[in-house]
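# Observations on the three-dimensional arrangement
The residues making up each chain are set out below.
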Amino acid sequence: MNIADPSRWEDSRVPQVVAIDGDFPGQRLQKMWETEPGFKGWLGSVDHKQIGIRYIVTAFAFLLLGGLEALVMRVQLGGPGQTVLTPQEYNVLFSMHGISMIFLYASPILTGFSNYLWPLILGSRDMAFPRLNALSYWIYLAAGLFIYAGFVTGHGPSDGWFNYVPYALMDYSPGLNMDVYALGMILLGISTTVGAANFIVTFLRNRAPGMSLNRVPVLLWGTLTASAANIMAVPSVSLAFFMLWMDRQFGTHFYDAKMGQPLLWQHLFWMFAHPWVYAIVLPAMGMVSDGLPTFCRRPLVGYTLVVLATVSTMAFGFGVWVHHMFATGLPNLPLSFFSGASFIITIPSGVAVMCWTATIWTGRPVVTTAFLFFASMIILFVIGGVSGVVTAAVASDWQLTDTYFIVAHLHYTLIGINLFPVIGAIYYWFPKMTGRLLNERLGMWNFWVMFIGFNVGFLPMHTLGLLGMPRRIYTYPADMGWSGQNLVVSLGSAMFAIGVLLFLINVAVSLKRGKEAGPNPWGAGTLEWATSSPPPVYNFSVIPIVATRHPLWEEAMNESAERSSIDRGFLLDRGKETIGTSPLDGEPNLILEMPGDSLAPFALTVGMTLMFSGALLRQWWLVAVGIATIFISLVDWFWPRRVHAGLEKVDG
Amino acid sequence: MVDALVTDAPLPVGSAGRNSTAWFGMLCLIATEGSLFAYLLFSYAYFGAQNSADWLPTLHPSFKYGLPGTLVLFSSSATIWWSERGMKRGARGQHLIGLIATILLGLTFIVLELLDWRDKGFSLSSRAYGSFYFTITGFHLLHVIVGVSVLMVVLGWSLAGYFTQRRHMHVTISGVYWHFVDVVWIFVFSTFFLAPYVIAL
Amino acid sequence: MTLSPSQDAMSARWPLEYLTSAGPHAAPVVPLTWFLLGISAAVILIFTVAVAWGIIVRRQRVSRESLSTCSVENSSRGLSWVYIGMPLTLVTLIVALFWTMLVTGQIAQPASPPTLAITVTGRQWWWQVNYPALPGGRPFETANEIHIPVGQPVLVRLRGGDVIHSFWVPALAGKTDTIPGRQNVTWLQADRPGVYRGQCTEYCGAQHANMGFLVFADPPAVFAAWRRNQDRLASAVPARPTTPRGMNAAANDATRPALEGGNGQAIFAQHCGGCHAIDGTDAHGYQPDGHGVRAPNLTHLMSRRTLAAVTLTNNTNNLAGWISDPQAQKPGVRMPITHLSGPELQAVVAYLKAQQ
Ligand code: HEA
Ligand code: HEA
Ligand code: CUA
Ligand SMILES: [Cu+2]
């Protein structure tokens with residue numbers, strides 16, 4: 001029988017509902033969903049779990065690189081007048097440090113978690129656009145390598161992560177360095193955007209039947225909000241970098257002082273970057289909102305408030321960008337407005353902080369490593385948040401801006417609200433991903449070394465700032481009164497790095513020798529814990545049907561209302577399929593056909609990389625080759641399908 | 001309630017028009033591209049606000065190519081709509097004619113735009129206005145070119161019989177994209193061709 | 001004028017600290033900042049205690065293994081935390097916001113009209129300072145050291161010479177960027193005579209770290225004298241050169257003839273005059289059509305306390321060291337190694353030493 005026969009091409013069907021018991025014959029689903037073995041299969045995989053793990057591993061690698069860069073900087077700054085680095089080396093290092101951390105670590109790591117977790121939490125078999133998912137990963141990798149290729153060949157960007165013009169223009173920064181950054185960022189922007197679109201559509205369409213909006217775990221709200229923001233904010237920075245590249249290469253006049261407007265850069269950059277700093281913490285805050293209650297043995301206090309806080313933080317986040325430009329000489333009226341807006345943004349953050357604290361107080365916390373990382377995040381968030389409030393006061397910021405006070409603020413927020421939750425999240429979800437638990441004893445050491453090291457290293461930055469130490473200086477004279485504290489900062493950083501090292505050791509050891517986890521080692525309440533650890537490629541044997549916010553806690557919470565149905569649900573085994581539900585109420589209204597593995601995302605990425613490399617080196621033939629590759633990949637990608645992917649594997 | 005969700009009504013499979021994920025995906029693309037043009041026009045407006053009116057090369061830009069271009073684009077929106085309607089009604093002829101007409105109109109626009117570029121007395125690098133003019137219209141032109149290419153591929157698939165009255169997601173989705181490109185032009189056109197006249201008043 | 005150490009930023013414990021202020025542009029900010037820091041400390045304390053104590057008081061000792069069977073409380077308690085916390089937060093924020101607006105308005109302008117307006121241009125990596133002419137005098141230019149009369153508001157117009165820099169004198173005023181193509185303004189007023197340290201705080205390239213400057217708040221008489229001195233053109237023939245300290249005396253003797261008769265001046269005009277000006281001589285400095293670089297005007301170099309944007313103390317040794325190899329003192333600086341021979345160097349140093 002020809003599987004491409006249009007008579008087998010269904011327009012509609014009643015999805016079969018089955019109840020599974022212990023020995024569900026998963027081979028059929030397994031066969032349809034699994035990735036071919038071998039390199040080709042690896043390149044073409046669209047499994048969200050694989051992609052998620054790739055994201056996490058890659059982002060972690062960039063964290064280590066960025067961290068090593070920081071440690072070298074800390075050696076240079078450990079005492080006055082050091083000459084470990086030349087000024088230019090230092091400048092490239094702090095720029096690469098910021099870029100690596102903000103763009104190549106902080107955001108992708110969360111994308112990785114969301115990629116891995118979303119379909120599991122949603123009771124779905126994959127994301128809405130599995131191939132887009134693969135594309136987003138490959139482009140991210142390409143962009144990271146692109147920027148790092150510049151760095152290792154001596155063309156590292158050296159104007160900080162916000163890359164102010166006119167310094168970034170050809171006159172002051174000749175060479176390829178800024179072009180590497182500009183084009184790399186445009187490439188990365190494509191990755192972020194397609195990833196964000198994927199999350200939005202997945203959220204709207206791929207929730208388990210019955211998972212109405214008020215039953216969606218907070219992590220998903222966090223990523224959704226961040227994604228919506230990215231869709232709107234990323235074009236701003238891509239455009240800014242594009243115009244920068246045009247100015248540098250084609251003599252346009254967007255930013256030069258004579259005919260252009262240097263301040264336009266700052267507006268475009270911060271209109272993107274302020275929303276972005278929330279985009280790289282809201283999903284992490286979501287992890288805490290979902291993880292903390294598990295250990296407190298009670299549902300999150302104020303679920304609705306926390307969700308509203310998440311969304312409104314983001315909404316306000318679009319209206320405060322000028323607080324990064326307080327010293328640019330804008331008139332006082334707008335400055336006061338942006339000052340006020342920045343104060344107001346404290347309110348949703350405060351709500352979330354209070355809800356978490358209340359969850360601890362009204363729950364019965366069980367102290368595990370993951371719990372400690374989540375709980376300490378509350379404290380670090382408050383420290384980072386209130387220093388933001390001090391700088392939000394425009395008059396104070398005129399003194400504080402561009403000093404180490406800001407460096408302290410940004411590390412407390414970024415490390416406190418991103419890195420700590422992320423490490424906690426790995427302790428929490430590692431068993432799900434690998435089937436094994438991380439070692440708790442080593443975990444405790446890991447936590448305390450990191451926590452103490454972090455505070456020793458970064459608290460003194462506040463006072464250094466108050467004592468006037470400017471940021472982005474490669475050295476300082478001995479008579480400024482900063483030497484002792486800088487030494488403490490450097491030592492604390494080293495301790496913090498040792499903490500990170502302990503974490504790596506724990507992962508390496510536990511991967512092989514960790515305790516078996518079982519499906520639900522923490523007795524958690526959300527759907528990802530309903531399937532085995534690690535989950536099968538198809539995630540769920542049947543698509544569960546959800547009746548409450550905590551489907552797995554209904555028993556333990558003695559929920560009187562209706563119960564979710566985990567073992568009885570839609571089977572969907574006529575090809576790679578999952579159920580599509582209505583955006584608001586989560587009522588099933590479509591059987592979604594999922595694509596099979598495909599090399600198109602990888603080929604498309606190769607095409608884009610060629611195009612961007614060609615543009616960087618001004619080899620226009622390379623650009624043409626890139627565009628042709630892109631075109632062919634896209635045509636292949638969108639080629640109308642007549643058969644459900646995966647069906648041929650089982651029905652041959 | 002859980003049982004109420006276990007439907008026994010048949011559910012559409014796969015690409016069901018506006019319920020398909022691809023439709024939602026296209027809306028996301030449009031949102032982000034729309035933002036891109038918003039930022040472009042914001043940047044232009046920022047320059048306008050920071051400079052005096054002599055920033056503009058002329059307060060009376062010529063409509064010689066802009067106006068015909070606008071009409072051409074508008075009518076192409078109509079033809080693509082008509083073409084998709086044909087698809088939905090099963091009128092294959094109408095669908096194909098509409099699609100081809102749209103492609104031809106799109107190509108005409110590209111030619112008109114290039115003629116307009118040739119006529120300008122400034123260049124990309126001669127003044128900031130020129131940088132904006134060519135960048136913004138260039139971005140739009142790029143979208144038209146992409147749109148036309150997409151429609152051509154869709155035409156190929158359509159001729160090869162890949163679509164049916166019920167399964168023609170590609171047609172629907174490329175259609176929205178085309179409408180989007182047209183709407184963007186309204187903003188670009190108003191900014192560069194109409195607004196100077198208003199300033200001149 | 002002699003200054004006690006506390007008045008002189010150069011010997012202060014923390015020259016750039018900004019929680020002590022010395023003038024009305026900076027003073028109102030200090031209590032506001034303390035207030036915000038105080039609130040911050042309080043909020044941090046509250047939440048740290050709440051979280052830590054909460055864990056201690058409420059923790060249950062359950063093994064990880066039994067977590068999966070551990071009960072889950074079906075509780076909706078806890079929201080009162082938010083209902084108590086939010087109004088408090090709101091009140092605090094409103095107070096902070098009003099105070100901020102008040103201070104922002106207060107320091108927007110000096111209480112009385114400025115008595116002097118100067119122009120400061122940020123350049124990679126030094127500060128060009130231009131003073132208006134006195135009646136009958138000439139406008140003059142200096143670098144990296146700003147003199148203002150104590151107790152009087154001075155308007156500072158800020159220009160960006162190349163890239164963006166930021167003008168900051170912590171004790172006197174917060175930061176204002178110098179942006180090419182724009183003019184920003186700020187004002188300085190010192191209530192006490194003293195030397196206040198300033199620093200560029202917007203990243204501007206290789207030597208952003210070494211882009212300091214000094215503000216001298218002089219008593220009116222001292223200020224007037226300084227200004228009159230700056231007003232002078234350099235004399236065409238310098239005073240008889242003095243032997244730079246630390247230089248090889250023998251070599252010095254051997255080359256003495258070369259030093260006579262304003263030789264240093266000629267060498268300077270030839271090697272340095274394309275970038276540096278000494279007003280009243282042939283060294284015209286940077287010309288827009290030439291190949292030079294904008295460099296500090298050296299007309300009254302010896303009236304400055306420091307060299308190269310507060311990187312070096314201005315003494316003979318440092319001066320000679322700087323001229324022979326500026327790249328060693330300030331790597332990446334826009335002044336090239338000029339390859340003067342030993343005698344030429346001495347002549348130039350001697351010549352510059354005469355520029356009082
Ligand atoms: C990662 C994330 C992140 C987060 C979440 C924040 C959160 C905030 N940030 Fe931060 N910020 C950065 C990352 C972040 N920031 C970075 C990277 C920079 C530097 C960029 C650069 O220059 O390189 C920066 C810089 C920055 C500046 C510019 C400083 C300067 O350069 O001069 C300002 C100014 O207003 C600011 C303000 C704020 C405010 C008001 C918040 C608020 O959202 C904080 C709100 C939270 C709380 C306040 C804590 C919880 C609240 C309570 C417990 C209630 C009670 C509180 C009170 C009564 C005060 N930030
Ligand atoms: C998520 C974001 C993030 C993170 C995690 C960090 C982490 C660190 N940062 Fe970062 N930092 C930024 C974001 C971040 N930073 C940003 C955005 C800027 C502004 C940049 C700009 O001005 O443009 C900045 C600027 C910045 C400065 C100011 C530079 C300047 O203005 O001159 C300093 C100085 O001390 C610093 C230090 C550190 C240190 C010591 C760490 C430590 O936490 C690092 C700890 C170390 C590791 C995590 C690595 C551990 C490595 C090992 C254990 C070895 C194993 C290695 C292998 C196996 C290969 N950072
Ligand atoms: Cu000038 Cu920094
Ligand atoms: Cu911000």
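Everything below is about the structure printed above this text.
Note that the structure is predicted; figures quoted are calculated from it, not measured.

Scoring rules and cut-offs
Residues numbered from 1 in each chain as written. Chains lettered and ligands numbered in written order. Predicted model: local features only at pLDDT ≥ 70, side-chain atom pairs only at ≥ 80, totals over all residues. Heavy atoms only, no water. Helix = DSSP H or I, 4+ residues; strand = E, 2+ residues; numbered from the N terminus. Buried < 20%, exposed > 50% of the residue type's maximum accessible area, 1.4 Å probe, protein only. Contact = heavy atoms within 4.5 Å. Core = buried A, V, L, I, M, F, W, Y, C linked by side-chain atoms within 4.5 Å. Donors = N, O, S within 2.8 Å, 3.2 Å for Na, K, Ca; no water. Buried area = accessible area lost by both parts, 1.4 Å probe. Salt bridge = Lys/Arg side-chain N within 4 Å of Asp/Glu carboxyl O. Polar contact = N/O pair within 3.5 Å; in protein donor to acceptor, adjacent residues only side chain to side chain. Nonpolar A, V, L, I, M, F, W, Y, C, P; charged D, E, K, R; others polar. Near = heavy atom within 4 Å. Pairing = 2+ DSSP bridges.

### Some remarks on the overall build of chain C
Secondary structure summary: chain C contains nine helices and 12 strands in total. Across the 356 residues that make up chain C, the buried fraction comes to 52%. Considering only contacts in chain C between residues 6 or more positions apart, those separated by 24 or more positions represent 63%.

### Comments concerning the nonpolar core
All names here are of chain A. Ranked by size, the top nonpolar core spans 335 residues in total, and within it F113, Y255 and W356 carry the most contacts. Top contributing element to this core by residue count: helix α4 (residues 87-122), with 21 residues. Not counting chain neighbours up to four residues away, the residues in contact with W356 comprise M285, V288, S289, L292, L300, M377, I378 and F381.

### Looking at the coordination of the copper ion (ligand 4)
Residues and elements named next belong to chain A. Distances from the copper ion (ligand 4) to its protein donors, namely H274 (ND1), H323 (NE2) and H324 (NE2), fall within the range 1.8 to 2.1 Å. Of note, the donors binding the copper ion (ligand 4) are all from one chain and are spaced H-x48-H-H. Metal-to-metal, the separation of the copper ion (ligand 4) and the iron atom of ligand 1 is 4.4 Å. A residue pair is termed long-range when its members are at least 10 positions apart, and H274 in helix α8 (residues 262-279) and H323 in the loop between α10 (303-317) and α11 (332-344) qualify at 49 residues.

### Quick word on the interface of chain C and chain A
At the junction of the two partners, chain C supplies 88 residues and chain A supplies 93 residues. Summing the contributions of chain C and of chain A, the shared interface buries around 7800 Å²; its carbon and sulfur component is 68%. Seen at the junction of chain C and chain A, the total is zero salt bridges. Scanning the region where chain C abuts chain A turns up 28 residue pairs in polar contact (both at pLDDT 80 or more). Listed by contribution, the elements that provide at least two residues to the side of chain C that touches chain A are α1 (29-58), α2 (79-106), β7 (173-178) and β9 (194-200) of chain C. Of the residues belonging to the side of chain C that touches chain A, the class tally is 47 nonpolar, 26 polar and 15 charged.

### Describing the site of ligand 2
All names here are of chain A. Around ligand 2 there are 32 residues in total, and R74, Y90, H97, H411 and R472 lie nearest to it. Between ligand 2 and R74 there is a distance of 2.7 Å, counted from an oxygen atom to a side-chain nitrogen or oxygen. Between ligand 2 and H97 there is a distance of 2.8 Å, counted from a nitrogen atom to a side-chain nitrogen or oxygen. For the shell around ligand 2, the elements supplying multiple residues, two or more each, are α3 (48-77), α4, α15 (404-434), α16 (440-466) and α17 (483-513). Split into classes, the residues belonging to the shell around ligand 2 amount to 23 nonpolar, six polar and three charged.

### Focus on the site of ligand 1
As a matter of local geometry, ligand 1 sits amid 33 residues, with A:Y278, A:D397, A:T401, A:H409 and A:R471 nearest to it. One chain alone does not account for the residues near ligand 1; they come from chains A and C. Within the side chain of A:T401, one N or O atom sits 2.6 Å away from an oxygen atom of ligand 1. In this structure, an oxygen atom belonging to ligand 1 sits 2.7 Å away from a side-chain N or O atom of A:R471. If one sorts the elements of the shell around ligand 1 by residue count, helix α13 (residues 369-392) of chain A sits on top with seven residues. Of the residues belonging to the shell around ligand 1, the class tally is 18 nonpolar, 13 polar and two charged.

### Here's the deal with the interface of chain A and chain B
Facing 69 residues of chain A, the contacting portion of chain B comprises 54 residues. Of the roughly 5000 Å² buried at the junction of chain A and chain B (both faces included), carbon and sulfur atoms supply 69%. Summed over the shared surface of chain A and chain B, the result is zero salt bridges. Counting across the chain A and chain B interface gives eight residue pairs in polar contact (both at pLDDT 80 or more). Elements with a minimum of two residues in the side of chain A that touches chain B: β1 (12-13), α6 (177-205), α7 (218-250), α8, β4 (565-570), β5 (577-581), β6 (588-593) and α19 (620-638) of chain A. Taken together, the two bridges between β1(A) and strand β1 (residues 11-12) of chain B define a ladder with antiparallel strand orientation. Bridged to A:R13 within β1(B) is B:L11.

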